[in-house]
Amino acid sequence: MTDIVGMLDELQKKALHDPEVRKKFLASRNEDDPVAAFCRVCRDLGYEIYEMDLINAGEDFYASMRRSTNGGGENSPMLEGEDDFYELFFVGLI
């Protein structure tokens, strides 16, 4: 359980099956710093996720995607939200 995508997938499944967990995640979006609040909920549930983990995971994913198409040149696809794992988590939750 060391990669961020796997941890987010597990947390999303927990939230979908446990109304209290889902409620905590949804409430985190209303905090002054929603990403930090989201990460606190993750850590409270035993998943060591920090803000930079989310950012780096998205950037790493985007960089891998660009490298895998045409060698990462100008014809590589531009991602629109697919690299934002925080937002994708909630898309699957709502």
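The structure under discussion appears in the preceding block.
Residues numbered from 1 in each chain as written. Predicted model: local features only at pLDDT ≥ 70, side-chain atom pairs only at ≥ 80, totals over all residues. Heavy atoms only, no water.

K.L.:
Hey, could you run me through the overall build of the protein chain in this one?
P.N.:
What the protein chain contains, in helices and strands, is 5 helices and 0 strands. Counting helices and strands in the order they occur from the N terminus, the protein chain gives α-α-α-α-α. Across the protein chain, the fraction of contacts at a sequence separation of at least 24, relative to all contacts at a separation of at least 6, is 53%. A total accessible area of about 6,000 Å² is found for the protein chain, and carbon and sulfur atoms account for 51% of it. (Helix = DSSP H or I, 4+ residues; strand = E, 2+ residues; numbered from the N terminus. Contact = heavy atoms within 4.5 Å. Areas by Shrake-Rupley, 256 points an atom, 1.4 Å probe, with all protein chains shown as cover.)

K.L.:
Sorry, what's going on with the packing of aromatic side chains here?
P.N.:
We describe a pair of aromatic rings using the distance from one ring centre to the other and the angle between the two ring planes. Evaluated as defined, the whole model comprises 7 aromatic pairs. Aromatic side chains Phe38 and Tyr86 sit 5.2 Å apart centroid to centroid with 85 degrees between the ring planes, which places their arrangement in the edge-to-face category. In this pair, Phe38 sits in helix α3 (residues 34-44) while Tyr86 sits in helix α5 (residues 85-93), placing the two residues 48 residues apart along the sequence. An aromatic cluster of three or more residues is present, and its members are Phe25, Phe38, Tyr86, Phe89 and Phe90. (Phe/Tyr/Trp six-rings, centres within 6.5 Å; stacked < 30°, edge-to-face > 60°.)

K.L.:
What exactly am I supposed to notice about helix α2 (residues 19-28) here?
P.N.:
Each turn of an α-helix holds 3.6 residues, which means side chains three or four residues apart point in the same direction. Within the span of α2, buried status applies to Val21, Phe25 and Ser28. Projected down its long axis, α2 shows its buried positions confined to an angular sector of 60 degrees, all on one face. Within α2, the exposed residues directed more than 90 degrees away from the buried face are Pro19 and Lys23. Residues of α2 that are buried in the fold lie against α1 (4-17), α3 and α5. If you check the start of α2, you find a side-chain oxygen 2.9 Å away from the backbone N of Glu20, and it comes from Asp18. (Buried < 20%, exposed > 50% of the residue type's maximum accessible area, 1.4 Å probe, protein only. Arc of directions from axis to C-beta. Polar contact = N/O pair within 3.5 Å; in protein donor to acceptor, adjacent residues only side chain to side chain.)

K.L.:
It is not clear to me how the nonpolar core should be interpreted in this structure. Could you clarify?
P.N.:
Where a protein is soluble and globular, its nonpolar side chains tend to be buried together. Core analysis: the largest hydrophobic core is formed by 19 residues, its most contacted members being Leu8, Phe25, Phe38, Ile49, Leu54 and Phe89. Only α1, α2, α3 and α5 provide two or more residues apiece to this core. Residue contacts for Phe25: discarding those within four places in its chain leaves Leu11, Ala15, Phe38, Val41, Cys42, Leu45, Phe89, Phe90 and Leu93. (Core = buried A, V, L, I, M, F, W, Y, C linked by side-chain atoms within 4.5 Å.)

K.L.:
So what exactly am I meant to see when it comes to α1 here?
P.N.:
Between its terminal C-alpha atoms α1 stretches 20 Å, which fits the 20 Å expected from 14 residues at 1.5 Å a residue. If you check which residues of α1 are buried, you get Ile4, Met7, Leu8, Leu11, Gln12 and Ala15. Looking straight down α1, one finds that the buried residues subtend no more than 135 degrees of arc, so they occupy a single side. (Expected span 1.5 Å × (residues − 1).)

K.L.:
Mind showing me how you'd approach the side chain of Gln12 here?
P.N.:
For Gln12, the position within the fold is in helix α1. One polar contact links the side chain of Gln12 to the main-chain carbonyl oxygen of Phe89, over a distance of 2.7 Å. Setting aside its immediate chain neighbours within four residues, Gln12 contacts Leu88, Phe89, Gly92 and Leu93.

K.L.:
What is the right way to look at the pattern of salt bridges in this model?
P.N.:
Pairs may arise between side chains of opposite charge once their charged atoms sit close together. Throughout the structure, instances matching the rule amount to 2 salt bridges. Across the pair Lys13 and Asp9 runs a salt bridge, and its minimum N-O distance is 3.3 Å. Here Asp9 and Lys13 lie together in helix α1, a separation of 4 residues that amounts to about one turn. On the basis of relative accessibility, which here comes to 35%, the residue Asp9 falls in the partly exposed class. Note that Arg29 is salt-bridged to Glu87, the shortest N-O span being 3.5 Å. Within this pair, whereas Arg29 is found in the loop between α2 and α3, its partner Glu87 is found in helix α5, the two being separated by 58 residues in sequence. Residue Arg29 is classed as partly exposed on the basis of its relative accessible area of 31%. (Salt bridge = Lys/Arg side-chain N within 4 Å of Asp/Glu carboxyl O.)

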